[in-house]
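Okay, here's what each chain looks like letter by letter:
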Amino acid sequence: HPDGMTAHAVLLMVNADIPACRKVAGFLGHASAFACNRCDRRLGMEDGKVNCVGGYHSFDTWKLRNNESNREAANRWLHQKTLGSRKVVENETGTRYSSLHRLAYFDVTRQCPPDPMHCLLLGTGIRMLKEWKTSGILSNADMKKMQDLADSVQLPCGFENLDKKIVGGFSGLK
């Protein structure tokens with residue numbers, strides 16, 4: 001088009017591995033005390049290194065991050081005058097400013113899902129579910145509810161359903 005052309009686009013989500021997703025969305029990386037981009041859970045620090053031991057069973061005390069507080073922290077970071085003051089904000093909030101914060105409709109706390117490679121292909125999701133079942137976080141009734149939900153999904157031709165694999169403890173799955 002000689003006079004140009006207007007195009008409209010919308011970013012629905014960021015789908016990348018965890019390090020890339022965190023970087024693009026303005027969350028701190030794996031070496032920070034913030035274990036998750038979905039909640040405000042902080043890991044302990046020992047000798048300047050992250051201590052990943054303990055504290056993973058008190059989910060009810062974890063506060064989910066939300067768009068409003070994340071944008072507030074990102075803007076606070078953006079308006080700091082020195083690298084040192086930005087570092088203070090990072091250490092308090094686990095957040096940096098990202099260009100995604102310019103998109104008024106985009107919520108980085110909800111539109112950056114866990115990456116499929118780690119959750120599905122490498123079996124992280126199944127390992128976590130098995131661990132939560134073993135430790136009592138998930139009950140047999142919870143597993144039954146998940147199986148009922150899985151059974152209610154209508155899959156397209158050529159896809160295999162989970163056929164009682166959730167209730168059966170994921171036997172045969174990675």
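Computed from a predicted structure; not experimentally measured.

**Considering the nonpolar core**
Right, on to step 1. Residues V14, C21, A25, F27, L100, F106, V108 and C112 constitute the largest nonpolar core, which totals eight residues.
Right, on to step 2. Contacts of C21, omitting those with residues within four sequence positions, involve V14, A16 and C112.

**Quick notes on a nonpolar patch on the surface**
Right, on to step 1. A cluster of nonpolar side chains, namely V10, L11, L12, M13 and Y105, defines an oily patch on the protein surface of about 500 Å² accessible area.
Right, on to step 2. The residue Y105 is located in the loop between α3 (83-93) and α4 (116-121) in this model.
Right, on to step 3. A relative accessible area of 42% means that Y105 is categorised as partly exposed.

**Examining the packing of aromatic side chains**
Right, on to step 1. For the coordinates displayed, the defined rule picks out one aromatic pair.
Right, on to step 2. Taken together, a centroid distance of 6.4 Å and an interplanar angle of 80° make the contact between Y105 and F106 edge-to-face.
Right, on to step 3. Assessed through its relative accessible area of 1%, F106 is described here as buried.
Right, on to step 4. We note R86 situated over the ring of W77; from NZ or CZ to the ring centre the distance is 4.0 Å.

**What to know about the environment of A104**
Right, on to step 1. In this structure, A104 sits in the loop between α3 and α4.
Right, on to step 2. Along the chain, A104 and R71 lie 33 residues apart, while their C-alpha atoms are 9.8 Å from each other.

**A closer look at the layout of surface pockets**
Right, on to step 1. Its volume calculated, the second largest pocket comes out at about 290 Å³.
Right, on to step 2. The wall of the second largest pocket is formed by 15 residues, among which D40, S69, N70, A73 and T93 lie closest to the centre.
Right, on to step 3. Counting residues per element, the ones that place at least two in the lining of the second largest pocket are α2 (67-78) and α3.
Right, on to step 4. Among the residues making up the lining of the second largest pocket, the classes are represented as three nonpolar, five polar and seven charged.

**Some details on the packing of α2 against α3**
Right, on to step 1. The geometry of α2 relative to α3 is characterised by a closest axis approach of 8 Å and an angle of 165° between their N-to-C directions. Viewed along their axes, α2 and α3 adopt a mutual orientation that is roughly antiparallel. α3 is crossed by α2, and the crossing has left-handed handedness. Here α2 contributes A73, R76, W77 and L78 to the contact with α3, which in turn contributes R86, V89, E90, E92 and T93.
Right, on to step 2. Partitioning the contact of α2 with α3 into residue classes produces four nonpolar, one polar and four charged.

Calculation criteria
- Residues numbered from 1 in each chain as written.
- Predicted model: local features only at pLDDT ≥ 70, side-chain atom pairs only at ≥ 80, totals over all residues.
- Heavy atoms only, no water.
- Core = buried A, V, L, I, M, F, W, Y, C linked by side-chain atoms within 4.5 Å.
- Buried < 20%, exposed > 50% of the residue type's maximum accessible area, 1.4 Å probe, protein only.
- Contact = heavy atoms within 4.5 Å.
- Patch = residues over 30% accessible without salt bridge, like charges linked within 9 Å, V, L, I, M, F, W, Y side chains within 5 Å.
- Areas by Shrake-Rupley, 256 points an atom, 1.4 Å probe, with all protein chains shown as cover.
- Salt bridge = Lys/Arg side-chain N within 4 Å of Asp/Glu carboxyl O.
- Helix = DSSP H or I, 4+ residues; strand = E, 2+ residues; numbered from the N terminus.
- Phe/Tyr/Trp six-rings, centres within 6.5 Å; stacked < 30°, edge-to-face > 60°.
- Lys NZ or Arg CZ within 6 Å of the ring centre and 35° of its normal.
- 1 Å grid on protein atoms, 1.4 Å probe; cavity = no way out; pocket = protein on both sides within 12 Å on 5 of 7 lines; lining within 4 Å.
- Points joined across faces, edges and corners; volume = space filled by probe spheres on them.
- Nonpolar A, V, L, I, M, F, W, Y, C, P; charged D, E, K, R; others polar.
- Axes fitted to C-alpha atoms, helices over the stretch in contact; angles between N-to-C directions.
- Parallel < 35°, antiparallel > 145°, perpendicular 65-115°, else oblique.
- Left-handed = near helix turned anticlockwise from the far one by under 90°.

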